[in-house]
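Breakdown of the fold
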Amino acid sequence: MDLASVFYLGVTFGLFAILVGIVLRTYSKKRKETGEAPKYKMLDDD
Amino acid sequence: MEKPSYNTDIVRGFVNWSIIWGLVAVLVGVIVSLQMVNPDLNFPPYLTFGRLRPIHTNAGIYGWGVGFIFATFFYMAQRLCKTPIWSPKLAKFQLWFFNATIIASAVTLLMGFTTSKEYHEMEWPIDLMIIVLWVMFAINIIMTIIKRREEQMYISLWYMMAAIIGIAVLFVVNSAAVPAALFKSYSAYAGTNDANVHWWFGHNAVAMALTAPPLAMFYYFLPKSTGVPIYSHRLSIISFWSLIFMYLWTGAHHLLWTPVPDWVQTLAMAFSVMLIAPSWGSVINGYLSMNGQWHQMRDNYLVKFLILGLTFYGLQTLQGPMQSIRTFSAFIHYTDWVPGHIHMGTMGWVSMIGFACIYYLVPRIYGNEIFSIPLANLHFWLILIGQLIWSISMWVAGVLQAGMWNAMNPDGSLTYTFMETMVEMYPYWWARAIGGLIYLIGVLIFIYNLYMTVQKGKKSSSTLTEAEGRA
């Protein structure tokens, strides 16, 4: 495997890691309330 | 917090013009469908299928689709950010530049100037106009978001930003060309690279123009229409990031069985199948948002458009990945199945959401109640029936066509000539033309209803304030 392939593989795994991080952060228990808060503001008058 | 004075003039402008370009798109679509069944309806050199077809697609995507994206984004951004639009003057200039760009596109395409790249047919001067137009829009929306007075960003804003950045990157990269004359250029890429870049653009234009913006609208206008919040904001965030992560790898599924490297095709195929998850994340979120509210499918015409639109999105995002699998693609690619798929997305998903948004907006930006709810319901049923006839006839035609193309005699020769397969298509092409005509009648009723709303609609006390409060 050449250096370019290793780089691309690293970028791919890096992106997967970021996505997993976003999922874990979004669904962490301490962020439940703040994570759902914006949807209730949609009921405000336009 | 004191309610800011939102600009509704610009929303009115884009709503009106998007409807006009939408009518052009559907009208030309019906004409080209009739040209397919009766070649005598081609009038060379300008009014031939080859020149009118890109006008149909570009008027639909850039005139109607992007037109109502501009309208709804200006409406939503101000309210989600609790601040007026950053520059109303820039937005007003953008409206007129938008129309100039659409007209320049239509004229040059009619004259036969084309790059021959599907969904990116316009030559380089028009590309430059589109880039200027998009930069103006991007600056205005992004500055509005930066200046916002609302700390948390609702999911619609994420989709809006993705669309703005995504379309800019895709369009600029695919526009790279060497001009040879005022309306003639050569792509900066060669051979399979050109095809690969083009379908990276082509498929992701679907993502960033025809998926992310309608999702932004759906997440905004569904709770506004039903009066209940979406099921889960966190699920919408996960669906968003997964969609963004996966979509950009899928373009090469348009190039299965071509000289593009096998691994690129396999990558596109795998990511296309994975894309079912984020797409259905939004679909499930939408359906669960209707818990206890399903009666609104009977009572609320806006909800009908939104939920049926979402249903077509769900079907589209199952059918699309299925088509991206090599064996299935080998059977249906290049047949009439494919336009059936595309039109379920455009006539079903995107346009149903667009119609719902405009029905929601017009009473609020003009201060009049909708003229006739029965007419809005009639519009709904006509476009639903028209679209189903259109798509189903093409799926049946596509399977028949593929079967005939693949049929072989025991000695290995083809069972049918190409002409024999063409003749078999005529009944289905007639069905498609009739479906399009029914859809067109629905659109005309929609326009009549809106015209009467503006001209003779009853003043609404609840919406009057907003219409009068325009800047």
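As shown above, the structure is provided for reference.
Here we summarise the structure given alongside this text. (Residues numbered from 1 in each chain as written. Chains lettered and ligands numbered in written order. Predicted model: local features only at pLDDT ≥ 70, side-chain atom pairs only at ≥ 80, totals over all residues. Heavy atoms only, no water.)

1. Details of the interface of chain A and chain B
Each side of the interface is counted separately: chain A has 22 residues, and chain B has 32 residues. Taking both sides of the interface into account, the surface hidden between chain A and chain B amounts to around 2,300 Å²; carbon and sulfur atoms contribute 63%. At the junction of chain A and chain B, the tally comes to two salt bridges. Salt-bridge contacts for K41 of chain A lead to E150 of chain B; the nearest nitrogen and oxygen are separated by 2.5 Å. Put simply, chain A and chain B have eleven residue pairs in polar contact (both at pLDDT 80 or more) between them. Here the side of chain A that touches chain B takes nine residues from helix α2 (residues 32–41) of chain A, the largest share from any one element. Here the side of chain A that touches chain B is built from residues that sort into eleven nonpolar, four polar and seven charged. (Contact = heavy atoms within 4.5 Å. Buried area = accessible area lost by both parts, 1.4 Å probe. Salt bridge = Lys/Arg side-chain N within 4 Å of Asp/Glu carboxyl O. Polar contact = N/O pair within 3.5 Å; in protein donor to acceptor, adjacent residues only side chain to side chain. Helix = DSSP H or I, 4+ residues; strand = E, 2+ residues; numbered from the N terminus. Nonpolar A, V, L, I, M, F, W, Y, C, P; charged D, E, K, R; others polar.)

2. Regarding the packing of helix α7 (residues 212–226) of chain B against helix α12 (residues 301–323) of chain B
Residues and elements named next belong to chain B. α12 packs onto α7 with a crossing angle of 145° between their chain directions and a minimal axis gap of 10 Å. Taken as a pair, α7 and α12 cross one another with a handedness that is left-handed. In contact with L215, F218, F221, L222, S225 and T226 of α7, α12 contributes L302, V303, L306, I307, L310 and Y313. Across the contact of α7 with α12, the residue classes break down as ten nonpolar, two polar and no charged. (Axes fitted to C-alpha atoms, helices over the stretch in contact; angles between N-to-C directions. Left-handed = near helix turned anticlockwise from the far one by under 90°.)

3. A few points about the layout of surface pockets
All names here are of chain B. Its volume calculated, the second largest pocket comes out at about 560 Å³. For the second largest pocket, the lining is made up of 16 residues, of which L248, W249, W263, V264 and L267 are closest to its centre. The residue inventory of the lining of the second largest pocket, partitioned by class, reads twelve nonpolar, four polar and no charged. (1 Å grid on protein atoms, 1.4 Å probe; cavity = no way out; pocket = protein on both sides within 12 Å on 5 of 7 lines; lining within 4 Å. Points joined across faces, edges and corners; volume = space filled by probe spheres on them.)

4. What to know about the pairing of strand β2 (residues 184–187) of chain B
Residue and element names in this part refer to chain B. For strand β1 (residues 177–181) and β2, the ladder comprises four bridges, and the chain directions are antiparallel. In the sheet register, A177 faces β2, and the bridge partner there is S187. Taking the residues between adjacent antiparallel strands as the criterion, β1 and β2 are bridged by two residues. (Pairing = 2+ DSSP bridges.)

5. What about the packing of helix α1 (residues 9–37) of chain B against helix α3 (residues 88–110) of chain B?
Residue and element names in this part refer to chain B. Two numbers describe how α1 lies on α3: the axes approach to 9 Å, and their chain directions differ by 10°. Overall, the two elements α1 and α3 adopt an arrangement that is roughly parallel. Every residue of α3 that contacts α1 at I10, G13, F14, W17 and W21 is listed here: A91, K92, Q94, L95, W96, F98, N99, I102 and I103. Class assignment of the residues belonging to the contact of α1 with α3 gives a composition of ten nonpolar, three polar and one charged. (Parallel < 35°, antiparallel > 145°, perpendicular 65-115°, else oblique.)

6. A closer look at unusual backbone geometry
Residue and element names in this part refer to chain B. Residue P45 is bonded to the preceding P44 through a cis peptide linkage, with omega at 5°. Tracing the sequence through the fold places P45 in the loop between α1 and α2 (49–81). Positive phi is not limited to glycine here, since S116 has a value of about 70°. Note on placement: S116 falls in the loop between α3 and α4 (124–146). Classification of S116 by relative accessible area gives exposed; the value is 63%. Not every positive phi belongs to a glycine, and W257 is a case in point at roughly 65°. (Buried < 20%, exposed > 50% of the residue type's maximum accessible area, 1.4 Å probe, protein only.)

7. A few points about the environment of S236 of chain B
All names here are of chain B. With respect to the helices, strands and loops of the structure, S236 is situated in helix α8 (residues 233–247). Linking S236 and G281, residues 45 residues apart in sequence, is a C-alpha distance of 7.1 Å. The contact partners of S236, leaving out residues within four places of it in the chain, are I155, Y159, Y219, I230 and N285.

8. Remarks on the packing of aromatic side chains
To describe a pair of aromatic rings, you give the distance between the ring centres and the angle between the ring planes. Residues and elements named next belong to chain B. For the structure on display, the rule yields 46 aromatic pairs over all chains. Consider the rings of F70 and F137, whose centres lie 4.5 Å apart with planes at 65°: the pair is edge-to-face. Of this pair, F70 sits in helix α2 while F137 sits in helix α4, placing them 67 residues apart in sequence. Residue class for F70 comes out buried when judged on its relative accessible area of 0%. Overall, F137 belongs to the buried group, its relative accessible area being 0%. (Phe/Tyr/Trp six-rings, centres within 6.5 Å; stacked < 30°, edge-to-face > 60°.)

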